[in-house]
Amino acid sequence: MNAWFVTGTDTGVGKTLIAAALMHRLREHCQRVVGMKPIAAGSQCMPDGSWSNEDTIALRDAASVDAPLALVNPYLLAAPVSPHIAARREDVTIDIERILAAFRGLQAMSDAIVVEGAGGFRVPLTDSLDGADLAVALELPLVLVVGLRLGCLNHALLTAESIASRGLRLAGWVANRVDPQMPEQQANLDLLAKRLDAPCLGDVPHRLPANARAAAAHLHLPAGFIKGVGA
């Protein structure tokens, strides 16, 4: 099964953009591609009166399979805050087993799955569980989105260290230039290329508004990244 867990150096670094862009690239090699946002914090009312989340909408738009919303997004929380706080406000307990069941449902209808985490790698999900625990339960290789802005080197190296400490594999990382005014961007990229034990999958330039199809053109998947595909 081709599946990856997309995490980030922080919140607001473009995980959804890169996850959707990765899905567009995967569709060049895999017929049935779906995205999953296990936990979404921050909902909006849709024209039909239903509630959804902008990240979930973006992943569904990038998919080639119209998967049930209950599988794509098992937990939709109203407040745009840390999941453990949003869940507490609604008296909801986030259950990893429920997420795993939804993931297995998506596996049955797809050839490739991109799972986008909430916030950064260690974002709390409950009083005792965090995003790292979810990644361990899913047992997926990770793609790290590095938002190029001041502090990203520390955040990227700490996240990579945390991923390794959990026995997980960093399949690759993507530089997303979220701050066009950041000085010494190339120097930062050069250091990350030396220090991160994983290939750089892309360098996505700053663009407003963000566009997943355009971002996909800046992703380069190495040979062996997709099982059964040479490049």
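On a predicted model such as this, the values are computed, not experimentally measured, just so you know.

What counts, and where the lines are drawn
- Think of each chain on its own: its residues are numbered from 1, step by step along the sequence as written.
- Side-chain atom pairs in this predicted model are given and counted only at pLDDT of 80 or more, local residue features only at pLDDT of at least 70, and totals for whole chains, interfaces and linings cover all residues.
- Side-chain figures throughout are based on the complete set of non-hydrogen atoms in the structure, without hydrogens or water.
- Going along the chain from the N terminus, every DSSP run of H or I of four or more residues is numbered as a helix, and every run of E of two or more is numbered as a strand.
- With C-alpha atoms as the basis for the radius of gyration, the globule rule is written as 2.2 Å multiplied by the number of residues raised to the power 0.38.
- Residue contacts are counted whenever heavy atoms from the two residues lie within 4.5 Å of one another.
- A 1.4 Å probe and the Shrake-Rupley method give the accessible areas. Residues count as covered only by the protein chains that appear here.
- In this tally, Lys and Arg are treated as positive and Asp and Glu as negative; His is ignored, and so are the chain termini.
- For charged residues, the charge sits on one atom: NZ in Lys, CZ in Arg, CG in Asp, CD in Glu.
- By salt bridge we mean one thing: a side-chain nitrogen of Lys or Arg within 4 Å of a carboxyl oxygen of Asp or Glu.
- Residue exposure (1.4 Å probe, protein chains only): buried if accessible area is under 20% of the type maximum, exposed if over 50%, otherwise partly exposed.
- An expected span of 1.5 Å times one less than the residue number is assigned to each helix.
- Arc definition: directions from the helix axis to the C-beta atoms.
- Within 3.5 Å is the distance limit for a polar contact, defined as a pair of N or O atoms, with the added protein rule that one can donate a hydrogen and the other accept it, and that residues adjacent in sequence qualify only through two side-chain atoms.
- Two strands pair if DSSP finds at least two bridges between them.

A.B. asks: Please set out the overall build of the protein residue by residue, giving values where relevant.
C.D. replies: Along its length, the protein carries 9 helices and 10 strands. In summary, the protein has a C-alpha radius of gyration of 17 Å against a globular reference of 17 Å for 231 residues, a match within 12%. The contacts in the protein between residues at least 6 apart in sequence include a share of 76% that link residues at least 24 apart. Looking at the protein as shown, the accessible area adds up to about 10,600 Å², and 51% of this sits on carbon and sulfur atoms. Here the protein holds 20 positive side-chain charges and 23 negative ones, and the gap between their average locations is 3 Å.

A.B. asks: Can you break down the pattern of salt bridges residue by residue, with the values?
C.D. replies: Summed over the entire model, instances satisfying the criterion amount to 11 salt bridges. Between D55 and K37 there is a salt bridge, with the nearest N and O atoms lying 3.4 Å from each other. With a gap of 18 residues between them, D55 in helix α2 (residues 54–62) and K37 in the loop between β2 (33–36) and β3 (39–41) connect regions that are remote in the sequence. The same class applies to D55 as to K37, namely buried. Overlapping salt bridges, with partners in common, bring together R122, D130, D133 and R166 in one network.

A.B. asks: Tell me about helix α5 (residues 96–107), residues and numbers included.
C.D. replies: Over its 12 residues, α5 runs 16 Å from end to end, which matches the ideal 16 Å to within 8%, given 1.5 Å per residue. Within α5, the full set of buried residues consists of I96, I99, L100, A102, F103 and L106. The buried residues of α5 occupy one face: seen down the axis, they fall within an arc of 160°. Two to three positions downstream of the cap, the backbone nitrogen of E97 sits 3.0 Å from a side-chain oxygen, assigning the N-cap of α5 to D95.

A.B. asks: Please provide a residue-by-residue account of the pairing of strand β9 (residues 170–176), values included.
C.D. replies: Looking down a regular strand, the side chains alternate between one sheet face and the other. The element β9 is extensively covered by neighbouring structure, given that 7 of its 7 residues are classed as buried. Across 6 bridges, the pairing between strand β8 (residues 142–147) and β9 is parallel. Among the inter-strand pairings, L144 is bridged to a residue of β9, identified as W173. Bridge count between β9 and strand β10 (residues 200–204): 4 bridges; the pairing is parallel. When the bridges of β10 are listed, V174 appears paired with G202.

A.B. asks: Give a detailed account of unusual backbone geometry, specifying residues and quantitative values.
C.D. replies: Geometrically, the link from L208 to P209 is a cis peptide bond, its omega value of -5° lying close to zero. Positioned with a positive phi, D91 is a non-glycine residue whose angle comes to about 55°. On the secondary structure map, D91 appears in the loop between α4 (83–89) and α5. Of note in this structure, E184 is not a glycine but carries a positive phi near 55°. Looking at the element boundaries, E184 is found in the loop between β9 and α8 (185–195).

Purely spatial values, then, with no claim about function.
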